[in-house]
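A look at the structure
Okay, here's what each chain looks like letter by letter:
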Amino acid sequence: MTYENITHLHRRRFLALSVSAAATPFMPRSGWAFGSETHSTMVGDIELTVISDGHLTIPSAVLAPNAPKEEFEAFMTGLMGSVPETVQPETNHALLRVGGETILIDNGSGKKFQPTAGKLLENLSINGIDPASINKVVFTHAHPDHVWGTLLEDGSLALPNATYYVGETEFAFWTDPETEGMMPDDFKPFAQGARRDLLAVQDRVQLVKEGDGIAAGVSVLDTPGHTPGHISVLVDGGDGLIITGDAMASEFLSVQHPDWAFGFDSIPDMAIASRKALLDRVATDGHRVLGYHFAYPGIGNIEKASEGYRFTAS
Ligand SMILES: [Zn+2]
C-alpha cells in the first residue's frame, strides 16, 4: 500500500491548519446537532439520530489531488463560486437504537485533532444521551476524525461500556508496529493515534468482516481503499440505509466524480472501486446513504446521472 497521494499534498499546511479555524465554508452549514436541531428518523424499526462532532478544515487541494486540474477547478467553481483555499467538511455520527441497544458509528476526534471538532460528547449531552448507555461502537476506519475520541484527557474511555467493532484488516494494519514506518513523517501521528486508540480498547474489540452482524438489522460491508480495512454499515429496514464512513467523502465530489480519488484515500484504486460499487448498489436498490463528511445530517438518495451519480438529501 502507499501513502504516495498524501505525500504530494500540502502536508505542512494541513498540519498548520489543524490548530487554526479557517473561515471558508465547504458547503452551506446547517450548524451542529444542537438540541431540537438534531435530526432523527426511522429506518424500519431502527431509530437513527445524527450527532455531530463539529467540523474540520482541510485544504481544498486534498479533495481530488489526481483529478485533471482544470476539471477540478471548474467543478469547484461551479459548486462554490471559486476554488477556496480550504473547505470545512462536517462530521456526522449515526446513533442507532435497536432492540434496547445503542450503537454509535465512530467516536470522533476528541480534543486531539482540530479545535472545531471533538464536540461529540457535548452534543450527546445536549441531546440527553448518556455516553455510558452506548453499548456498541463501530469504527469505519481508524483515521483521527473517526477514532481519536476514544480516550478522554485523563486516559479513561469516553464510552466506558461499549464493545468496539473493528474491521479485522483495519485492526491488523494499524496495530502493526511497522505501519508507522511506512508513513511520511507528517502523517506518523495518524499511525500513532490509531495504534494508541485501538490498543486501548483491544480487550473490548470484536473483529468483523463483510456480512458480520452488529445487531438485529445492522451489519458490516467491506469497503476498503480509503484505508486498508475500511468498512461501511448496512442498516436493513424500511428502504434501507448504508452508513458510508469515508468510502464517500463528499456528497458532490465522491458522487459526481467517483473516479477522483480523495487525497486521504490510502489505496486510491481500491477506494475508487469500492466507491463505485457502493454507488451502483444504492442507485439500484434505493437504499439511502449517510455520509460522515456530507452536510449535516448527511442523509440522502443516490441516482445515476448522465455523468457519475447525483445525491439528493432526503
Ligand atoms: Zn473522515
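The structure displayed is predicted, hence computed values, not measured ones. (Residues numbered from 1 in each chain as written. Predicted model: local features only at pLDDT ≥ 70, side-chain atom pairs only at ≥ 80, totals over all residues. Heavy atoms only, no water.)

Looking at the sheet that holds strand 9 (residues 205–208)
Taken in spatial order, the 7 strands make up an open sheet running 1-2-5-6-7-8-9, and their pairing is mixed. Each end of this open sheet is capped by a strand with a single partner; those strands are strand 1 (39–43) and strand 9. Averaged over all pairs of adjacent strands, the angle between their axes in this sheet comes to 25 degrees, without regard to strand direction. Where strand 5 (residues 90–98) meets strand 6 (residues 101–105), 4 bridges bridge the pair, whose relative direction is antiparallel. Across the sheet, residue Arg97 finds its bridge partner in strand 6, namely Thr102. Against the sheet, helix 6 (residues 168–175) touches strand 8 (163–167) and strand 9, its axis set at about 90 degrees to strand 8. (Pairing = 2+ DSSP bridges. Helix = DSSP H or I, 4+ residues; strand = E, 2+ residues; numbered from the N terminus. Axes fitted to C-alpha atoms, helices over the stretch in contact; angles between N-to-C directions. Contact = heavy atoms within 4.5 Å.)

Topic: the layout of surface pockets
Here the largest pocket is characterised by a volume of approximately 220 Å³. If you go around the largest pocket, you meet 15 residues; those closest to its centre are Gly110, Lys111, Gly118, Leu121 and Leu152. Looking at which element gives the most residues to the lining of the largest pocket, the answer is helix 4 (residues 120–126), with 3 residues. Class assignment for the residues of the lining of the largest pocket results in 6 nonpolar, 4 polar and 5 charged. (1 Å grid on protein atoms, 1.4 Å probe; cavity = no way out; pocket = protein on both sides within 12 Å on 5 of 7 lines; lining within 4 Å. Points joined across faces, edges and corners; volume = space filled by probe spheres on them. Nonpolar A, V, L, I, M, F, W, Y, C, P; charged D, E, K, R; others polar.)

A word on the pairing of strand 1
Both strand 1 and strand 2 (residues 46–55) contribute to a ladder of 5 bridges, which runs antiparallel. Bridge pairing in strand 2 places Thr41 opposite Leu48.

Side note on the environment of Ala64
Structurally, Ala64 can be placed in the loop between strand 3 (58–59) and helix 3 (69–80). In this structure Ala64 comes out as buried when scored by relative accessible area, which is 4%. (Buried < 20%, exposed > 50% of the residue type's maximum accessible area, 1.4 Å probe, protein only.)

Digging into empty space enclosed by the protein
Taken as a whole and judged by the stated rule, the model has 4 cavities of 30 Å³ or more. The computed volume of the largest cavity comes to approximately 250 Å³. Of all elements in the fold, only helix 5 (144–147) and helix 9 (253–256) reach the threshold of two or more residues within the lining of the largest cavity. For the lining of the largest cavity, the class distribution of residues is 15 nonpolar, 7 polar and 3 charged.

Things to note about the side chain of Ser250
The residue Ser250 is located in the loop between strand 13 (241–245) and helix 9 in this model. One polar contact links the side chain of Ser250 to the main-chain amide nitrogen of Leu253, over a distance of 2.9 Å. (Polar contact = N/O pair within 3.5 Å; in protein donor to acceptor, adjacent residues only side chain to side chain.)

Some words on the sheet that holds strand 10 (residues 213–215)
Pairing within the open sheet is mixed, and its 7 strands lie in the order 10-11-12-13-14-15-16. Looking at the sheet topology across the chains shown, the edges are occupied by strand 10 and strand 16 (309–313). Within this sheet the neighbouring strands show an average axis-to-axis angle of 35 degrees, counted without direction. Relative to strand 13, strand 12 (residues 231–235) is paired through 3 bridges, and the arrangement is antiparallel. If you follow Leu234 over to strand 13, its bridge partner there is Ile242. Strands strand 11 (218–222), strand 12, strand 13, strand 14 (288–291), strand 15 (299–304) and strand 16 of the sheet are contacted by helix 10 (residues 268–285), whose axis makes an angle of about 90 degrees with strand 15.

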